Amino acid sequence: MSDAVGSLYGAPVGQRIRTRHLQQLKDRGEKWAMLTSYDQYTARLFDEAGIPVLLVGDSAANNVFGYETTLPVTTDELIPMARAVVRATSRALVVGDLAFGSYEEGPAQAIRTSVRFMKEAQVHAVKLEGARPLLIEAIVSTGIPVMAHIGFTPQSEHQIGGYRVQGRGEDAKHLIEAAHSCQEAGAFAIVLEMVPAAVAAQITSELGIPTIGIGAGPDCDAQVLVWQDMAGLRVGGGPVPRFVKKYADLATTLSDAAKTYAAEVRDGVFPTQDHSF
């Protein structure tokens, strides 16, 4: 990461971005970006590009392991990925996502899972889905920063009834109350997923902590995308969500590279003496 980017986010050059730096950005009205990352190569690239926060999300279920939903992925699958992301970065704040079934039993289980992420992966914060103030407060009380996540919560998709926008009509009041409860419990930031833009804007204006939007309009303090969606690597798996903007076409690039490689091997073009010992 360049010195200019480092100073932009308030962290001294050569040091990690902290939750307090994100709060300072909120206070100054400066926006920032978050991306998912699940491996050392993307983590290093995103870190050097100046992405201040990387999320090792349970979205690895869909985007790495090939599951249809996020529900099957486990803590044991996510921790090695988080460890790799932390090792490959020097500036980004790395957040580990608590998998479905790893915290719902109550504060004791939530703390155990969060401690595993902190000790085994050495992440800098954890994220959990749903307005769960008791769990947030319990984890925070141990000294672990918590990022909350409300609106559409993929781990609850069967209860919600599929991928549906949350917080419309009368439900807006409940969503706003949920956001406040997460802040009061000690969350340092809150993800708003698939929330009407006006509701997200109201939550952002009312909360003192940063909001991170994904399908929640332009007024959130930050935005997050799954990196494969952002980079155009998604192949198959249905339509791309409306809130995704594709900044590259890596699927075509990689496909073309693989085809060219295969053709050169088949035709005896590769390897040459330059690639031999």
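What comes next concerns the included structure.

The rules behind each value
- Residues numbered from 1 in each chain as written.
- Predicted model: local features only at pLDDT ≥ 70, side-chain atom pairs only at ≥ 80, totals over all residues.
- Heavy atoms only, no water.
- Helix = DSSP H or I, 4+ residues; strand = E, 2+ residues; numbered from the N terminus.
- Rg over C-alpha atoms; globule rule 2.2 N^0.38 Å.
- Buried < 20%, exposed > 50% of the residue type's maximum accessible area, 1.4 Å probe, protein only.
- Contact = heavy atoms within 4.5 Å.
- Areas by Shrake-Rupley, 256 points an atom, 1.4 Å probe, with all protein chains shown as cover.
- Lys, Arg positive; Asp, Glu negative; His and termini not counted.
- Charge placed at Lys NZ, Arg CZ, Asp CG, Glu CD.
- Disulfide = S-S within 2.5 Å.
- Phe/Tyr/Trp six-rings, centres within 6.5 Å; stacked < 30°, edge-to-face > 60°.
- Salt bridge = Lys/Arg side-chain N within 4 Å of Asp/Glu carboxyl O.
- Arc of directions from axis to C-beta.
- Polar contact = N/O pair within 3.5 Å; in protein donor to acceptor, adjacent residues only side chain to side chain.

Next up on the list: the overall build of the protein. Across its full length, the protein carries twelve helices and eight strands. Rg of the C-alpha trace for the protein: 20 Å, near the compact-globule value of 19 Å for 277 residues, within the 12% margin. Overall, the C-alpha framework of the protein stretches about 65 × 45 × 35 Å when taken along its three principal axes. Out of the 277 residues in the protein, the part that is buried amounts to 48%. Sequence-distant contacts, at least 24 apart, represent 57% of the contacts inside the protein between residues at least 6 apart. Surface exposure of the protein reaches about 13,500 Å², of which carbon and sulfur atoms provide 54%. Across the protein, the 24 positively charged side chains and the 31 negatively charged ones have centroids separated by 3 Å.

Further remarks concern the state of the cysteines. A complete count under the given rule lists zero disulfides for this structure. Of all cysteine sulfurs, the one in C220 lies closest to C182, which takes part in no disulfide; the gap is 14 Å. The class for C220 is buried, based on a relative accessible area of 1%.

Turning to the packing of aromatic side chains, a few remarks are in order. One pass over the full model with this rule turns up three aromatic pairs. Ring centres of F46 and W227 lie 6.1 Å apart, and the angle between their planes is 65°; on these two criteria the pair is classed as edge-to-face. A residue pair is termed long-range when its members are at least 10 positions apart, and F46 in helix α3 (residues 40-49) and W227 in helix α11 (residues 227-230) qualify at 181 residues. The pair formed by F46 and W227 is uniform in burial state, with each residue classed as buried.

Once that is clear, we can look at the pattern of salt bridges. Going through the model one piece at a time under the given rule, you end up with six salt bridges. Salt-bridge contacts for R28 lead to E30; the nearest nitrogen and oxygen are separated by 2.8 Å. A residue is classified by how much of its surface remains accessible, and R28, at 44% relative accessible area, is partly exposed. Through salt bridges with shared partners, one network takes in D76, R116 and E120.

What follows concerns helix α2 (residues 19-28). Owing to its 3.6 residues per turn, the α-helix aligns residues three or four sequence positions apart on the same side. Taken as a whole, α2 has its buried residues at H21, L22, L25 and K26. Around the axis of α2, the buried residues are gathered within 150° of arc, so they sit on the same side. In α2, the exposed residues that point more than 90 degrees away from the buried face are R20 and D27. Positive phi appears at G29, one or two residues downstream of α2, with a value of about 75°.

Its location among the elements puts I190 in strand β6 (residues 189-193). Given the relative accessible area of 0%, I190 is considered buried. For I190 and G162, which are 28 residues apart along the polypeptide, the C-alpha to C-alpha distance reads 22 Å. Those residues in contact with I190, other than ones at most four positions away along the chain, are A148, H149, I150, A179, C182, L207, I209, P210, T211 and I212.

If you check which residues of α3 are buried, you get T42, A43, F46 and D47. All buried residues of α3 project into a common sector of 130° when viewed along the axis, lining one side. Turned more than 90 degrees away from the buried face of α3, the exposed residues are Y41, L45 and A49. Its buried side turned inward, α3 meets β1 (32-36), β2 (53-56), α5 (75-88) and α11. At the N-terminal boundary of α3, the capping side chain belongs to D39, with an oxygen 2.9 Å from the backbone nitrogen of Y41. Following α3 by one or two positions, G50 has its phi on the positive side, about 95°.

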